Amino acid sequence: RDDDDINDVASMAGVNLNEESARIMAASSDLVGTQIQSCKDEPFLAAIPLHKRILETAKKLGITDVPAEVVTFISHATQNRLRTVIEKVTVITQHRMESYKDDEWYEQATDVRSQLKFFEQLERLEKQRKDEQEREILLKAAKSRSRQEDPEQARLKQKAKEMQQQELAQMRQRDANLTALAAIGPRKKRKLDAPGLLTIGAEGVGVCGGSQAGLGTGSPRQYPRQKITRVNLRDFIFYMEQEREMSRSLLLYRALLK
């Protein structure tokens, strides 16, 4: 007990902790249960136009005075409602953009893209075959030396002549392009450590600042890439169809007509 009295600094100084705690509670009793805000309560919408709009609506209902607290309350309610709408539409957009190809339970049933490419290739081959047949017919008509030519034979010869001229022009254009490319020489690739070059890394997108630290010595400054969620009209229409208040609204029908 003597050791406790020696180590107790408050008792050695003559301070009673119970009395001090009671005085602190008595002095700050007015502050208990109160909330102090250090930031200013700023409304989300412009107060003057909103107040004017509320007064116009209130006059139709026989109300002449609308206090400023009502304007602030409606502004905060609008902000909360807009935040809720944006959050729900963002979730809908993320579900739409979600890919299930990496899922182990995902099994591909049909590949429409490959089917379309196959049909396009068939159409290309069919068109190429028809062009070859037409070219053979035109070449046969151009080589024919019959003395009595009918108008159809003359038309085929003229068309074969135009086709040969077009092929000759394409060959000349191709030769000119090859000559120009040979004169320019091979393209030089940019060096990765060049100043002012946009670099894309695993951490983000940055620009190498070589003007401050010299050429090749500046370390790239990495900027975090911000993920952007793009919401289209279809997502917003789906959201309005799921909401009970907006499923039969005029806004939904206007959006469906666009």
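Residues numbered from 1 in each chain as written. Predicted model: local features only at pLDDT ≥ 70, side-chain atom pairs only at ≥ 80, totals over all residues. Heavy atoms only, no water.

Going by the annotation in an unreviewed UniProt entry, the name recorded for the chain is TAF4 factor, with Orthonyx spaldingii given as the source organism. Its UniProt record gives the chain the following Subcellular location (unreviewed entry) comment, quoted word for word: "Nucleus". (UniProt positions renumbered as here; feature names shortened; annotations may be inferred.)

Q: I would appreciate a short explanation of the environment of Pro67 in the present structure.
A: For Pro67, the position within the fold is in the loop between α4 (47-60) and α5 (68-97). Among the residues examined, Pro67 registers a relative accessible area of 39% and is labelled partly exposed. Residues Pro67 and His51, 16 residues apart in the sequence, show an inter-C-alpha distance of 8.9 Å. (Helix = DSSP H or I, 4+ residues; strand = E, 2+ residues; numbered from the N terminus. Buried < 20%, exposed > 50% of the residue type's maximum accessible area, 1.4 Å probe, protein only.)

Q: Looking at this structure, I do not really get the side chain of Asp235. What am I missing?
A: Note on placement: Asp235 falls in helix α9 (residues 233-242). Using a relative accessible area of 3% as the deciding quantity, one classes Asp235 as buried. In contact with Asp235, not counting residues within four places along its chain, are Val89, Ile92, Thr93, Arg96 and Arg230. (Contact = heavy atoms within 4.5 Å.)

Q: So what exactly am I meant to see when it comes to helix α7 (residues 151-184) here?
A: Owing to its 3.6 residues per turn, the α-helix aligns residues three or four sequence positions apart on the same side. Counted at 1.5 Å a residue, the expected span for α7 with its 34 residues is 50 Å, and the 50 Å between its end C-alpha atoms agrees. Taken residue by residue, α7 has Leu156, Ala160 and Met163 as its buried positions. In this structure, the buried side of α7 is in contact with α6 (112-143). (Expected span 1.5 Å × (residues − 1).)

Q: Help me out: how do you make sense of α5 in this one?
A: The end-to-end C-alpha distance of α5 is 43 Å, a good match for the 44 Å that 30 residues give at a rise of 1.5 Å each. Inspection of α5 places Val71, Ser75, Val85, Val89, Ile92 and Thr93 among the buried residues, and these make up the whole buried set. Its buried side turned inward, α5 meets α4 and α9.

Q: For this particular structure, what's the right way to read the side chain of Ser249?
A: Mapping Ser249 onto the fold places it in the loop between α9 and α10 (250-257). At 2.9 Å, the side chain of Ser249 forms a polar contact with the backbone oxygen of Met246. (Polar contact = N/O pair within 3.5 Å; in protein donor to acceptor, adjacent residues only side chain to side chain.)

Q: Help me understand a nonpolar patch on the surface in this model?
A: Taken together, the side chains of Val112, Leu116, Phe118, Phe119, Leu122 and Leu125 make up a nonpolar region of the molecular surface, amounting to roughly 590 Å² of accessible area. Summarising the element assignment, Val112 is placed in helix α6. (Patch = residues over 30% accessible without salt bridge, like charges linked within 9 Å, V, L, I, M, F, W, Y side chains within 5 Å. Areas by Shrake-Rupley, 256 points an atom, 1.4 Å probe, with all protein chains shown as cover. Salt bridge = Lys/Arg side-chain N within 4 Å of Asp/Glu carboxyl O.)

Q: What should I look at first to understand the pattern of salt bridges in this one?
A: Applying the stated rule across the entire model yields five salt bridges. Salt-bridge contacts for Asp235 lead to Arg96; the nearest nitrogen and oxygen are separated by 2.9 Å. Note that Asp235 is positioned in helix α9 and Arg96 in helix α5, a separation of 139 residues in sequence. Across the salt bridge formed by Glu126 and Arg129, the nearest N and O atoms sit 2.3 Å from each other. Separated by three residues within a single helix, Glu126 and Arg129 lie in helix α6, roughly one turn from each other. Given the relative accessible area of 34%, Glu126 is considered partly exposed.

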